[in-house]
Amino acid sequence: MARYFLTTAIDYVNSRPHLGTAYEKVTADIIARYRRLSGYETHFLMGNDEHSQNVFKRAQEQGKDPLSYCDEMERVFRDVWKRLDVSYDDFIRTTDRRRHYPATQKLAQTCYDNGDIYEGSYEGWYCEGCEAFKPEKDLVDGNCPIHNTKPQWIKERNWFFRLSKYQQPLLKFYEEHPSFIEPEVRRNEILRLVEGGLEDISMSRTGQSWGIPVPFDRDSVVYVWFDALINYAAAVGYGWDDEQFKKWWPASLHVVGKDITRFHCVFWPAMLMSAGQALPAQVFGHGWVYFKGERMSKSLGNIVDPLDAADKFGPDPLRLYLAKEIPYGGDGDFTWERFEEKYNADLANNLGNLVNRVASMTERYQQGRVRATGGGSLAGVAAESVSAYRSAMDVHALHDGAAAAFRLISAANNFIAEKQPWALAKDPAKADQLNGVLADCAEAVRVAATLLLPIMPTSATEVLRRLGDEQPLADRRLDAGTAWRSSGEKQILNAGALWPRIEAEKGVVNVTDQPQTPAPEPQTPATPSTPPAAAAPATQAGPAPVETPAVITIDDFMKVQLKVAKILEAEKMPKSQRLLKLKVDAGEAEPRTILAGIAESYEPETLIGKSIVIVANLAPRKMMGLESNGMVLAASPDGGKAIVLNAEPADPGTRVR
Ligand SMILES: [Zn+2]
């Protein structure tokens, strides 16, 4: 069985994980789960980086012994990863005396024995926040650009690693292994850096007790960056279990942030070359998740706690957002508004709605059972989605993988709108056709849910369960799970909404529910530069003061749920000049009936098949003995004929905003 060993960066434990930290672990977890599903024997390593002076200081500030502080933080980190469903196989800490100490000392000793570590003195600007020397040219107004504090001028005797010696071997390695650094933008950065020449780097610190003793100089400890990188080899046996090390090394993939690709693509390979060990197959440098366009940081006070999302909605909507909305390798943005918007669009309206429609129609029309048939057009879409998904996931294009799964989901929703199973159900002669439509949709959902297992493990498993597929996750395989099944029966469980829509929480917005009455022409147009308080005073001309249209916020507007709907049926209402009775598909389990005051403008049959815009969350109301559910948006010129808004070619259920 092919093996896959992947790692994430290990984290400093001076504060609890935020969304930026979680982004790396969740995306690496998706890769790990994808490999397991693809049949690889997978080993997924995470851990904590504890020998940092900042960690030491943080413990002192809290009056704690550094190791007990790190023990506490380990529980905090592991708890967050558990609640985000991160399925690491191993978790290493750099204070691990059984594994990490022997590995670090062995690697340092081997580099020393090979003549790559020498004693020297160094002076320069040292930033305590970064725990690194800063070249003069990197300072901004004399300050560290990251911490905005003045670094200290430090002169000390240290042990140096002969990095300069590895410039040519590294360049040769990059050339022979073009996929070693991904994505390409990172590869180019590293190539330019190494081509520009490498300086030797300090690998020890003197006068510190918090760290691993240098084996050939007990008065020094190994510098935290040198120590940290070795965790990847330490975890799988380097220096303490040769057999295990042979099984897992070299690593298949290091997933790291773009700020530390230099450590992983230059320093770490040089250390391994010096120690005579194989180099990892690939380093992937992911981008940042910004919050409203800004880097998350404690000092800016804009840290997003990933558990805020996980506690409310479960981990899966957040995992889906991180995978699907941020092109992997690039930077992305997170806001709660956008998160809720994507939740409603992808989960409530698209996937959740599809699962619901299939289950409720199967229950209503066929006692919950479908018989698989040959598989029509949807089988073709499924095959295309599976193949696009695999090509994307093989190169860590998680966003394209997620999008491929959602193309199949959208196609199934459109298929329902087109085939109109509720109409087929009225004609007993069309029973086979009805079964075929429902069976194809159920099969499409099953394939899509299998594709989503790495991204949304809990909810994809629940979708599969509702489709009667209860195989344990560990036994599932991508090949078998995504092959279209054209025979057999499914018992489908109708178990309610998986993702209820998130509705805006505060305030009430007044929407007129009188589509028949044209809205009064505003007397004073509101402009963005005119706050309501500065509006013209009410005139005395009429019996009532003329109202200035109230300025509403975007939140107010978003409370009005506007959706695209396709007109399935249209007929005149008896005894009404103005009203048409419409049956529309708004991407929901059942078509809805809307009475619209547009009879003077349209012959009913000309409307069938049109895509229009409706207000979907209007309270139902009775007109001429019939209940109307929603309102059709139309341009209503004074004294002219109403013109319904055309939403072609958007799909039914698409949100309008
Ligand atoms: Zn700094």
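Before any of the text, the structure's been laid out above.
Treat the numbers as computed from the prediction; the structure is a model and nothing was measured.

Chemist: Just to check I follow, could you spell out the overall build of the protein for this structure?
Modeler: Helix and strand counts for the protein stand at 21 helices and 29 strands. Viewed in the frame of its principal axes, the protein has a C-alpha envelope of about 100 × 75 × 45 Å. In the protein, the proportion of contacts linking residues at least 24 apart, taken out of those at least 6 apart, comes to 74%. A total accessible area of about 29400 Å² is found for the protein, and carbon and sulfur atoms account for 51% of it. Positive and negative side-chain charges of the protein, numbering 76 and 87 respectively, have mean locations separated by a distance of 3 Å.

Chemist: How should I be thinking about the coordination of the zinc ion in this particular structure?
Modeler: Note on metal sites: the ideal angle is 109.5 degrees for four tetrahedral donors, and 90 or 180 degrees for six octahedral donors. Bound to the zinc ion are the protein donor atoms Cys 127 (SG), Cys 130 (SG), Cys 144 (SG) and His 147 (ND1), situated 2.1 to 2.3 Å from the metal. We note that the donor set of the zinc ion lies within a single chain, spaced as C-x2-C-x13-C-x2-H. On the criterion of sequence distance, the pair formed by Cys 130 in the loop between β5 (117-127) and β6 (132-134) and Cys 144 in the loop between β6 and β7 (152-161) is long-range, its members being 14 residues apart.

Chemist: Explain the packing of helix α12 (residues 315-324) against helix α13 (residues 336-366) here, please?
Modeler: Two packed helices can be described by the angle between their axes and the distance between those axes. Axis separation between α12 and α13 bottoms out at 10 Å; the angle between their running directions is 100°. Classified by the angle between their axes, α12 and α13 sit roughly perpendicular to one another. Residue-level inspection shows Pro 317, Leu 318, Leu 320, Tyr 321 and Lys 324 of α12 in contact with α13, the latter providing Arg 338, Phe 339, Lys 342, Tyr 343, Asp 346 and Leu 347.

Chemist: Teacher, can you tell me more about unusual backbone geometry here?
Modeler: Trans peptide bonds make up the majority, and among non-glycine residues the majority have a negative phi. In this structure, Pro 250 follows Trp 249 across a cis peptide bond, with omega equal to 5°. Residue placement: Pro 250 occurs in the loop between α9 (242-248) and β13 (253-257). The backbone phi angle of His 396 is positive, close to 65°, even though this residue is not glycine. Relative to the assigned elements, His 396 resides in the loop between α14 (377-394) and α15 (398-419). For His 396, a relative accessible area of 3% puts it in the buried group.

Chemist: I'm lost on the side chain of Arg 93 in this one. Help?
Modeler: Counting through the fold element by element, Arg 93 comes out in strand β4 (residues 90-93). By relative accessible area, which is 12% here, Arg 93 ends up buried. Within polar-contact distance, the side chain of Arg 93 engages the side chain of Asp 71 at 2.8 Å. A polar atom in the side chain of Arg 93 sits 2.9 Å from the side chain of Glu 74. Those residues in contact with Arg 93, other than ones at most four positions away along the chain, are Asn 48, Glu 50, Leu 67, Cys 70, Asp 71, Glu 74 and His 100.

Chemist: How do you make sense of the packing of aromatic side chains when you look at a structure like this?
Modeler: Ring pairs (aromatic) are described by centroid distance and by the angle formed between their planes. In this structure the tally under the stated criterion is 37 aromatic pairs. Each ring, one from Tyr 112 and one from Trp 159, has its centre 5.8 Å from the other, and the planes form 80°; the classification is edge-to-face. A residue pair is termed long-range when its members are at least 10 positions apart, and Tyr 112 in helix α4 (residues 100-113) and Trp 159 in strand β7 qualify at 47 residues. For Trp 159, a relative accessible area of 9% gives the class buried. Here the aromatic residues Phe 5, Tyr 232, Tyr 238, Phe 245, Trp 248, Trp 249 and Trp 268 are joined through ring pairs into a cluster of three or more. A cation over a ring is seen here: Arg 98 above Trp 240, with NZ or CZ 4.8 Å from the ring centre. Over the face of the ring belonging to Phe 406 we find Lys 324, whose NZ or CZ atom lies 5.1 Å from the ring centre.

Here is what the cut-offs are and how they apply
Residues numbered from 1 in each chain as written. Predicted model: local features only at pLDDT ≥ 70, side-chain atom pairs only at ≥ 80, totals over all residues. Heavy atoms only, no water. Helix = DSSP H or I, 4+ residues; strand = E, 2+ residues; numbered from the N terminus. Contact = heavy atoms within 4.5 Å. Areas by Shrake-Rupley, 256 points an atom, 1.4 Å probe, with all protein chains shown as cover. Lys, Arg positive; Asp, Glu negative; His and termini not counted. Charge placed at Lys NZ, Arg CZ, Asp CG, Glu CD. Donors = N, O, S within 2.8 Å, 3.2 Å for Na, K, Ca; no water. Axes fitted to C-alpha atoms, helices over the stretch in contact; angles between N-to-C directions. Parallel < 35°, antiparallel > 145°, perpendicular 65-115°, else oblique. Buried < 20%, exposed > 50% of the residue type's maximum accessible area, 1.4 Å probe, protein only. Polar contact = N/O pair within 3.5 Å; in protein donor to acceptor, adjacent residues only side chain to side chain. Phe/Tyr/Trp six-rings, centres within 6.5 Å; stacked < 30°, edge-to-face > 60°. Lys NZ or Arg CZ within 6 Å of the ring centre and 35° of its normal.

Functional significance is not addressed by these values, which are geometric in nature.
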